[in-house]
Amino acid sequence: MFIAFTAVTTVSAQRKYRVDSPTNVINVLNFICDTYGQKNSQVYSVNKNPNTGIIESKEVITPFVCKKTEPHFTMIADYFHKDEPVSYQLMHIANGNLDNFFRISVARDNTVKYVDVRTYTNQEMWYMAVKNHDNPQLRDVYAIVWENMDAENVKGNVFMITSLRPDIYEKDMERITTDTFTLDGRMGEDISDSLYVFYMADTYEELNRLTMMTQSYAELKEYMKTHTNVLPMPVSKDKKFGISIDLSGRMGGRIRTVMPDGSLCKLWTNIDMVPGETYHITTHNGYYTPDSDYERRVGLYSGKSMFEGKENDDVELTGGYNDVIADTVADEEWHQAEKAEYTDPAEYLTEAQLMEFSNKSKALEENKENIEEMYKAAKKSLDVPPYGMIISDKPKSWGIADSQFKMICKQNDLLVKQFEDIINTATELGVSQNIQPTEGYKYMLEFFMKQSKALIEINKKYGYLSKEAIKCQKQVNKLAEKYMNEVRKATTNAH
């Protein structure tokens, strides 16, 4: 009887475990990790009580890449819904949701840390929390987050975390608070930076003093040996960078790129440092993707920022891109000599040839003016909200603006062709050597820098850009870089 009773009890316990466990969710997440997980990048951490050997916390975070059409992946929503009865918390956040970012608290030994799960608006997330069977004071969390990698694939992370239940440690400790500010950075595929520096100061004036102290990383490196208000942020192999620092109050922060030649970039990114908060940022070639939720809650648009009204201070303090244009002519005496040697093509071109130059130049200038009008139309459409919205609302639709951005991209391509046609015509007519080589490139560079600034201002105003606006921004930055290189090349050759 005793043996039979024990067997029945064991079977009952096993059945209860199966019934009370999110088996569908566990199985599908394990399948994704085993089949598509990138084990070399996996985070695996287990903490046990040294006396009892009982798990106190466990973290398994597995990056993955798989096809959108993978059968198990397409069934994720169904599996989470099936196991909803055994959970005490179930959450789904769709791709495009601008407000709901998510992180998991992991508490152990009177300390708490946060694991970021959904950090970008283009991510989709499923999350479930259940009581741990072995220890009712613990909870088990199962989550998956992903984003489109390309037309056929997705990339993301699977989270399986065991830790103290939040209601337990909040009750026992009257809520644990953290004063740590974290910068969580990613580098976009369109750049290859290797090192950033992060400046910190209590006041805006002190931050500017620090930033303008040196334009060389070698000098700054010597300063950092004896000071802690500037920190290096090397970029890892998986294109991540960041810092975590304890704060007693708000501070101002600034990210700056260390250039390949050891100089410090003349452009930077300002960030309000807030205790207990994490700022997510992705850097790109000439721009960055900000943390819109952070900026609204505690940052630039919260009414508490030290950077309000100072969004373009890098250009004002260093000249930014404008300074790059000026730096291309390093020797003023040579520049003046070039002007003296310059011969007006009108002195030896025929009237027909002059007319050809004039018509092509007028066409280019008219196209440039059309592009400027398109930017004005795009801004106006965003500033005039649909019925029922107020001016401060984010645009719910970029319809009119997107049509303008599409047209701007086409006209920019045309502008480049028109400019190249003028250069080719000058070569064919044998007057290219009589035209100052840098002036045309400077003209184009300045125009694309103007466009870049307009897009950055739209991004800062609304906290994000539409897909069409992002495409336009990438095109503009690429062309600006092209003509910046042409200016430098022309200057070097002339020397």
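Just so you know, these numbers come straight off a predicted model, no measurement behind them.

A.B. asks: Pulling in residues and values, what's your account of the packing of aromatic side chains?
C.D. replies: The description of an aromatic ring pair uses the distance of the two centres, along with the angle that the planes make with each other. Summed over the entire model, instances satisfying the criterion amount to 12 aromatic pairs. With a centroid separation of 6.3 Å and an interplanar angle of 75 degrees, the aromatic rings of Phe31 and Tyr36 are classed as edge-to-face. By relative accessible area, which is 28% here, Phe31 ends up partly exposed. Considering the side-chain rings of Tyr204 and Phe307, the 6.1 Å spacing of their centres and the 75 degrees angle between planes classify their relative orientation as edge-to-face. Of the two residues, Tyr204 is situated in helix H6 (residues 204–212) and Phe307 in the loop between helix H8 (292–297) and helix H9 (313–318); the sequence distance between them amounts to 103 residues. On the basis of relative accessible area, Tyr204 is assigned to the buried category, the value being 12%. Exposure remark for Phe307: the relative accessible area of 3% places this residue in the buried category.

A.B. asks: I'd like to hear about the sheet that holds strand S15 (residues 278–283), residue by residue, with values.
C.D. replies: Within the open sheet, the four strands sit side by side as S12-S9-S15-S16. Their pairing is mixed. In this open sheet, the two strands that pair with only one neighbour each are strand S12 (240–246) and strand S16 (288–289). Direction of pairing for S15 relative to S16: antiparallel, over a ladder of two bridges. Bridged to Thr283 within S16 is Tyr288.

A.B. asks: With reference to specific residues and values, describe the nonpolar core.
C.D. replies: Residues Tyr375, Trp398, Phe405, Phe448, Cys472 and Tyr483 are the most contacted members of the largest nonpolar core, which totals 36 residues. Listed by contribution, the elements that provide at least two residues to this core are helix H12 (351–383), helix H13 (399–428), helix H14 (437–462) and helix H15 (467–494). Looking at this core element by element, the count peaks at 10 residues for H14. Among all residues touching Trp398, those that are not within four sequence positions of it are Leu382, Phe405, Ile458, Tyr464, Leu465, Ser466 and Ala469. Tyr279, Ile281, Tyr288 and Val298 belong to the second-largest nonpolar core, a separate cluster that totals 22 residues.

A.B. asks: Describe in detail a nonpolar patch on the surface, supporting the description with residues and values.
C.D. replies: Residues Tyr44, Val46 and Ile55 make up a contiguous nonpolar surface patch of roughly 250 Å² in combined accessible area. Along the polypeptide, Tyr44 turns up in strand S1 (residues 43–48).

A.B. asks: A description of the side chain of Gln418 should follow, citing residues and the corresponding values.
C.D. replies: Along the polypeptide, Gln418 turns up in helix H13. For Gln418, the contacting residues outside a window of four places in its chain are Ala363, Leu364 and Asn367.

A.B. asks: So what's going on with the pattern of salt bridges? Which residues, and what values?
C.D. replies: Under the defined criterion, the tally for this structure stands at 17 salt bridges. We note a salt bridge from Glu222 to Lys225, for which the minimum N-O separation is 3.0 Å. In this structure Lys225 comes out as exposed when scored by relative accessible area, which is 61%. One network of salt bridges, with partners in common, ties together Glu277, Asp293, Arg296 and Arg297.

A.B. asks: Got a sec to walk through the side chain of Asn132? Specific residues and values, please.
C.D. replies: Within the secondary structure, Asn132 sits in the loop between strand S6 (124–131) and strand S7 (138–148). The class for Asn132 is buried, based on a relative accessible area of 13%. A distance of 2.9 Å separates a polar atom in the side chain of Asn132 from the backbone nitrogen of Asn135. Reaching out from Asn132, the side chain makes a polar contact with the side chain of Asp140 at a distance of 3.0 Å. In this view, Asn132 contacts Leu138, Arg139, Asp140 and Thr162; residues no more than four positions away in its chain are not counted.

A.B. asks: Can you break down helix H2 (residues 23–36) residue by residue, with the values?
C.D. replies: Compared with an ideal rise of 1.5 Å per residue, which puts 14 residues at 20 Å, H2 spans 19 Å between its outermost C-alpha atoms and is within 8% of the ideal. What H2 keeps buried is the set Val25, Val28, Leu29, Ile32 and Cys33. Here the buried residues of H2 occupy an arc of 135 degrees about the axis, which is enough to place them on one side. Turned more than 90 degrees away from the buried face of H2 sit Asn27 and Asp34, all of them exposed. Those residues of H2 that are buried are in contact with strand S2 (55–67), helix H3 (71–74), helix H4 (76–82), S6, S7 and strand S8 (153–164).

So, how was this worked out
Residues numbered from 1 in each chain as written. Predicted model: local features only at pLDDT ≥ 70, side-chain atom pairs only at ≥ 80, totals over all residues. Heavy atoms only, no water. Phe/Tyr/Trp six-rings, centres within 6.5 Å; stacked < 30°, edge-to-face > 60°. Buried < 20%, exposed > 50% of the residue type's maximum accessible area, 1.4 Å probe, protein only. Helix = DSSP H or I, 4+ residues; strand = E, 2+ residues; numbered from the N terminus. Pairing = 2+ DSSP bridges. Core = buried A, V, L, I, M, F, W, Y, C linked by side-chain atoms within 4.5 Å. Contact = heavy atoms within 4.5 Å. Patch = residues over 30% accessible without salt bridge, like charges linked within 9 Å, V, L, I, M, F, W, Y side chains within 5 Å. Areas by Shrake-Rupley, 256 points an atom, 1.4 Å probe, with all protein chains shown as cover. Salt bridge = Lys/Arg side-chain N within 4 Å of Asp/Glu carboxyl O. Polar contact = N/O pair within 3.5 Å; in protein donor to acceptor, adjacent residues only side chain to side chain. Expected span 1.5 Å × (residues − 1). Arc of directions from axis to C-beta.

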